[in-house]
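# Chains, contacts and geometry: an overview
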Amino acid sequence: MKRIALLLFAVLALSLTACDVFNSTFDLEFSETSTEANASAEIATARYVGMVQTFHIDDVTGYPQIGDPDAPIEILQFSSFSCPHCSRFHIDIFPSILQRIRNGEVSYVFIPLYIAGNIGDGEAAAEAMMCAGYQESAFSFTDLLFDAQVEYGNEAFTSSRLGAMAQSLGLDLEAWQTCLDNDGTSLYELSPSQLAQEFGITGTPSLVVRDDRGEQIVLVSPAINEIDNAIDGIGIDG
């Protein structure tokens with residue numbers, strides 16, 4: 001009989017609340033001519049070279065996915081560009097998961113739950129990332145968004161800064177802007193909030209580690225050893 005394992009490591013439980021809206025401007029623009037910005041973009045692009053990037057189908061249709069879609073383990077990450085804990089997770093923990101994605105063990109789906117966290121304009125950041133996904137750059141854009149969040153806080157996701165990120169990655173800016181103008185989240189069958197409710201997600205970052213037999217483990221703000229244990233242990237009857 002299939003066993004559904006639901007392990008909730010409540011290291012951090014952030015309530016899902018609406019983000020504040022910030023309309024102020026910042027004098028120091030994230031300029032596409034900045035050596036630092038271009039260096040960050042080059043690193044973010046090189047990081048995913050040779051990896052399959054697409055949009056997920058089936059029960060979480062429309063969200064960016066990286067890695068072999070037929071990998072034995074799938075991880076859904078519920079994250080928020082408005083959440084400082086999510087940026088630390090992406091910077092400190094995700095690189096270790098990425099190696100397992102590159103090895104073909106795991107496919108990874110990013111679900112931007114932008115109502116979690118206290119950094120402004122997280123929804124705009126999520127839409128910018130989704131539109132980059134049409135040009136196979138969702139995960140590179142994610143790197144730049146979290147780097148900007150750490151450096152600029154509430155000023156990270158101004159429209160000019162988001163545009164400069166797109167340009168630094170070499171995106172087709174006209175196509176990217178057209179996507180934004182036409183709602184970059186239109187691929188979703190279920191909104192991030194609906195999916196969070198469906199999977200019982202109450203905080204970010206959260207991972208759903210699952211296999212094709214229907215077993216799943218939910219982790220909240222996990223350490224890398226917890227993630228490795230979930231990947232290695234799922235599907236093993238106890």
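As a starting point, this report considers the structure included with it.

## Some details on the pattern of salt bridges
Inspection of the entire model under this criterion finds 9 salt bridges. D143 is the salt-bridge partner of R47, the closest N and O atoms lying 2.9 Å from each other. Of the two residues, R47 is situated in the loop between α1 (35–46) and β1 (53–55) and D143 in helix α5 (residues 138–152); the sequence distance between them amounts to 96 residues. Residue class for R47 comes out partly exposed when judged on its relative accessible area of 22%. A residue is classified by how much of its surface remains accessible, and D143, at 6% relative accessible area, is buried. With its nearest N and O atoms 3.2 Å apart, the salt bridge here joins E215 to R213. According to the relative accessible area criterion, E215 is buried, its value standing at 3%. Connected through shared salt-bridge partners, R100, E105, D228 and D232 make up one network.

## Quick notes on the environment of F55
Turning to its location among the elements, F55 is positioned in strand β1. Spatially, the C-alpha atom of F55 lies 9.8 Å from that of P69, the residues being 14 residues apart in sequence.

Criteria and cut-off values
- Residues numbered from 1 in each chain as written.
- Predicted model: local features only at pLDDT ≥ 70, side-chain atom pairs only at ≥ 80, totals over all residues.
- Heavy atoms only, no water.
- Salt bridge = Lys/Arg side-chain N within 4 Å of Asp/Glu carboxyl O.
- Helix = DSSP H or I, 4+ residues; strand = E, 2+ residues; numbered from the N terminus.
- Buried < 20%, exposed > 50% of the residue type's maximum accessible area, 1.4 Å probe, protein only.

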